[in-house]
Amino acid sequence: DPTRPTTMTGVHEALVRALGLGAAARALDRLSSVDGYAFAHPSRFGALNLGMALDEKTDLESILVGPYNRFSHAAAASVVGSPGHMYNPLFVFGPSGVGKSHMLRAIGTGLEKALGGSVLLTSGVRLANAVGRSLEEGKYPELEKRFAESKALLVDDLHLLNVTDENKASLAKIFGLFFSKNMQ
C-alpha cells in the first residue's frame, strides 16, 4: 500500500494530518507501538509525555570506543565533565545504527550523576508534540517551568523536531533558556 507510512516520521505525519497536532500527540501517548516503532517511553513529565528514561547501565564507560567514535566519545566526556561550556550544543550525527542514541543516553546518565539529577532526555517528536499540546491546552507556562527546573536538555532525533509557525517562538525560548544559563 503506497499510502501506508513506513517510518516513525511517516506515522507521526499521517496522524498529525488526520487528527491535528494535539490529538496526534494524545494518540501517540496511548500507543505502545505502530508497525514495530515504539513510541511509549516512561514519562518524567506526566500528561505531556515529554521525558524518556535514562538507564544507569548506559554510561560513557559502557560505550565501546574505536576509531569511528573516538572524537564523539571524547566530546561526550567533555560535556559530562564541564556541562554547558565546551561543545554546547553538542550534535552527534551519523548513519543509522552506529550508536548515536546510546551515546546520548550515556551523556544523560553522566550528566545526571555530575549535576545531581534534573536531566531531561526527550526526542524531537516528543518535544514538538509537548510544546504544541501545551500551547493548545494553555499549559505552556507549566511546560516552561519544567524546563527551567531541568539542568540539561538532551534531544534525540533532533531532525524529527517538527517546527511550525505555532511552536517556533516557544521552541526558541526553550533552547534560549538553556543557552543563556550555560546549561547543556
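You'll find the structure just up there.
Just so it is clear, the structure is predicted and the values come from calculations on it, not from any experiment.

Cut-offs and rules
- Residues numbered from 1 in each chain as written.
- Predicted model: local features only at pLDDT ≥ 70, side-chain atom pairs only at ≥ 80, totals over all residues.
- Heavy atoms only, no water.
- Helix = DSSP H or I, 4+ residues; strand = E, 2+ residues; numbered from the N terminus.
- Buried < 20%, exposed > 50% of the residue type's maximum accessible area, 1.4 Å probe, protein only.
- Core = buried A, V, L, I, M, F, W, Y, C linked by side-chain atoms within 4.5 Å.
- Contact = heavy atoms within 4.5 Å.
- Expected span 1.5 Å × (residues − 1).
- Arc of directions from axis to C-beta.
- Pairing = 2+ DSSP bridges.
- Phe/Tyr/Trp six-rings, centres within 6.5 Å; stacked < 30°, edge-to-face > 60°.
- Axes fitted to C-alpha atoms, helices over the stretch in contact; angles between N-to-C directions.
- Parallel < 35°, antiparallel > 145°, perpendicular 65-115°, else oblique.
- Left-handed = near helix turned anticlockwise from the far one by under 90°.
- Nonpolar A, V, L, I, M, F, W, Y, C, P; charged D, E, K, R; others polar.

## A short note on unusual backbone geometry
Stage number 1. In the segment running from asparagine 88 into proline 89, the intervening peptide bond is cis, with an omega of 5 degrees.
Stage number 2. Secondary-structure assignment places proline 89 in the loop between helix H3 (70-81) and helix H4 (100-115).
Stage number 3. Phi angles above zero are rare outside glycine, and tyrosine 87 is one such case at about 55 degrees.
Stage number 4. Of note, tyrosine 87 is situated in the loop between H3 and H4.
Stage number 5. Judged by its relative accessible area of 30%, tyrosine 87 falls in the partly exposed class.
Stage number 6. Positive phi, close to 50 degrees, is recorded for asparagine 182, a residue that is not glycine.
Stage number 7. Of the residues examined, asparagine 182 reaches a relative accessible area of 44% and is grouped as partly exposed.

## Points about the nonpolar core
Stage number 1. Counting 17 residues, the largest nonpolar core has Leu50, Leu127, Phe147, Leu153, Ile174 and Phe178 as the members making the most contacts within it.
Stage number 2. Leucine 153 has contacts with Leu120, Thr122, Phe147, Ile174, Phe175, Phe178 and Gln184, leaving out every residue within four places of it along the chain.
Stage number 3. Grouped together as the second largest cluster of nonpolar side chains are 16 residues, Ala76, Ala106, Ala152 and Leu154 included.

## A short note on H3
Stage number 1. Over its 12 residues, H3 runs 16 Å from end to end, which matches the ideal 16 Å to within 8%, given 1.5 Å per residue.
Stage number 2. Of the residues making up H3, those classed as buried are His73, Ala75, Ala76, Val79 and Val80. For H3, the buried positions fall inside an angular range of 160 degrees around the axis, keeping them on one side. Within H3, the exposed residues directed more than 90 degrees away from the buried face are Arg70, Phe71 and Gly81.

## Digging into the pairing of strand E4 (residues 152-156)
Stage number 1. Of all five residues in E4, five are buried, a share of seventy percent or more.
Stage number 2. Because side chains alternate across E4, one face comprises the buried residues Ala152, Leu154 and Asp156, and the other comprises Leu153 and Val155, equally buried.

## Observations concerning helix H5 (residues 124-136)
Stage number 1. With 13 residues, H5 extends 18 Å from end C-alpha to end C-alpha; this agrees with the ideal 18 Å at 1.5 Å per step.
Stage number 2. For H5, the tally of buried residues reaches 11 of 13 residues, placing the bulk of the element in the interior.
Stage number 3. The complete set of buried residues in H5 reads Gly124, Val125, Arg126, Leu127, Ala128, Asn129, Ala130, Val131, Gly132, Arg133 and Ser134.
Stage number 4. Just downstream of H5 lies glycine 138, where phi reads positive at about 70 degrees.

## A word on the pairing of strand E3 (residues 119-123)
Regular strands have side chains that alternate between both faces of the sheet.
Stage number 1. A large share of E3 lies buried, amounting to five of its five residues.
Stage number 2. The alternating pattern of E3 places Val119, Leu121 and Ser123 on one face and Leu120 and Thr122 on the opposite face, and all of these are buried.
Stage number 3. Bridge count between E3 and E4: five bridges; the pairing is parallel. Within E4, the residue paired with threonine 122 across the bridge is valine 155.

## A word on the packing of aromatic side chains
Aromatic rings considered in pairs are described by the distance between their centres and by the relative angle of their planes.
Stage number 1. Taken as a whole and assessed by the stated rule, the structure comprises two aromatic pairs.
Stage number 2. Judged by centre distance (6.0 Å) and plane angle (90 degrees), the ring pair of phenylalanine 71 and tyrosine 87 falls under edge-to-face. Residue phenylalanine 71 is found in helix H3, and its partner tyrosine 87 is found in the loop between H3 and H4; the two are separated by 16 residues along the sequence.
Stage number 3. Ring geometry for phenylalanine 147 against phenylalanine 178: centres 6.4 Å apart, planes inclined by 90 degrees, an arrangement best described as edge-to-face. Note that phenylalanine 147 is positioned in helix H6 (residues 140-149) and phenylalanine 178 in helix H7 (residues 168-180), a separation of 31 residues in sequence.
Stage number 4. You can call phenylalanine 178 buried: its relative accessible area is 3%.

## Regarding the packing of H3 against H4
How two helices sit against one another is set out by the angle between their axes and by the gap between those axes.
Stage number 1. Running from N to C, H3 and H4 cross one another at 25 degrees; their axes reach a closest spacing of 9 Å. Between H3 and H4, the angle falls in the class roughly parallel. Two packed elements cross with a definite hand, and for H3 against H4 that hand is right-handed. Listed contacts from H4 to Ser72, His73, Ala76, Val79 and Val80 of H3 are Met103, Ile107, Gly110, Leu111 and Ala114.
Stage number 2. Broken down by class, the residue content of the contact of H3 with H4 amounts to seven nonpolar, three polar and no charged.

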